[in-house]
Amino acid sequence: MNQAKALQVQQEVQLRFLCPADVGEVKKLCTEWFPIEYPDSWYDDITSSSRFYSLAATHQSRIVGLIVAELKAKSKLNKEDGDILASYYPSSMQVAYILSLGVVDDFRRNGIASLLLDSLLSYLTSKEASGCKAVYLHVLATNTVAIRFYERRNFRPHSFLPFYYSIQGKPRDGYSYVLYINGGQPPWSFIDYIAHCGSLISKLQPCGLPRQLYRAVRNMVQRFLSRPPVEVSHSS
């Protein structure tokens, strides 16, 4: 990337929220960018509903990029995403789901996608949205460009989703990626529980060892069993 050119382009780009008048242009762009067909109601929602953070990057009034995200309560997550947050978070805790992020061909590699993502993350890490503990997304397993982009931005793979997408009637694998924010934490793995128990045992006093060991193991097992099972969706 030519950094001087990218900086110039970024200075010429303006950010604004989508509005109902953008439906036609947004639909055309999404059809070009993504292999998934969205219903007309989806375009109406993302351009008018306050549920969505829908931001456009414009250049001379033309939309050259956009990002769409939705804040969701933990209880509203799909089954395959139900373990994004650690089990001890209440069902009302929020996460943000990135539905789409795209840039037109002739404006790519100029930092527009980063500009849009930075704006979203700036909002999600503000005081207003401090109850949001994670940002996640789904991506085709073959979309290496998108995967590299998100990994550079510190998103990490959360789960493999076999046959998650249906593209032109054919099943395609996907991944979920997640970035924890505002102190959010992922679920504990089995190794985490073992390490935690080892840490507790190392701090025990000899005279209280049997009782404290029993409590530590009991708590570990209870927390491990309380984790929701992971189910994979096969829908598009």
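Residues numbered from 1 in each chain as written. Predicted model: local features only at pLDDT ≥ 70, side-chain atom pairs only at ≥ 80, totals over all residues. Heavy atoms only, no water.

Enquirer: Go over the pattern of salt bridges with me, naming the residues and quoting the values.
Expert: Across all of its chains, the model carries 7 salt bridges by this definition. Between R16 and D22 there is a salt bridge, with its nearest N and O atoms 2.8 Å apart. Its salt-bridge partner being D106, residue R62 comes within 3.2 Å of it at the nearest N-O pair. With R62 in strand β3 (residues 62-73) and D106 in the loop between β4 (94-103) and α4 (112-124), the pair connects residues that are 44 residues apart, well separated along the chain. For R62, a relative accessible area of 36% puts it in the partly exposed group. (Salt bridge = Lys/Arg side-chain N within 4 Å of Asp/Glu carboxyl O. Helix = DSSP H or I, 4+ residues; strand = E, 2+ residues; numbered from the N terminus. Buried < 20%, exposed > 50% of the residue type's maximum accessible area, 1.4 Å probe, protein only.)

Enquirer: Any details on the packing of helix α2 (residues 23-33) against helix α3 (residues 40-48)? Residues and values, ideally.
Expert: Describing two packed helices takes the angle between their axes plus the distance from one axis to the other. Interhelical geometry of α2 versus α3 gives an angle of 120° and a closest axis separation of 10 Å. Taken together, α2 and α3 sit at an angle that is classed as oblique. As for how α2 packs across α3, the hand of that crossing is right-handed. Across the interface between the two elements, V23, V26, K27, C30 and T31 from α2 touch D40, W42, Y43, D44, I46 and T47 from α3. By residue class, the composition of the contact of α2 with α3 is 6 nonpolar, 2 polar and 3 charged. (Axes fitted to C-alpha atoms, helices over the stretch in contact; angles between N-to-C directions. Parallel < 35°, antiparallel > 145°, perpendicular 65-115°, else oblique. Left-handed = near helix turned anticlockwise from the far one by under 90°. Contact = heavy atoms within 4.5 Å. Nonpolar A, V, L, I, M, F, W, Y, C, P; charged D, E, K, R; others polar.)

Enquirer: Describe the nonpolar core, listing the residues and the values that go with them.
Expert: Of all hydrophobic cores here, the largest spans 46 residues; its most connected members are I98 and F155. The dominant element in this core, judged by the number of residues it contributes, is α4, at 7 residues. Look past the residues within four positions of I98 in its chain and what remains in contact with it is I67, V68, A69, L117, L120, V135, Y136, L137, Y150 and F155. Within the second largest apolar cluster, 11 residues are counted, among which are Y89, V95, A134 and V178. (Core = buried A, V, L, I, M, F, W, Y, C linked by side-chain atoms within 4.5 Å.)

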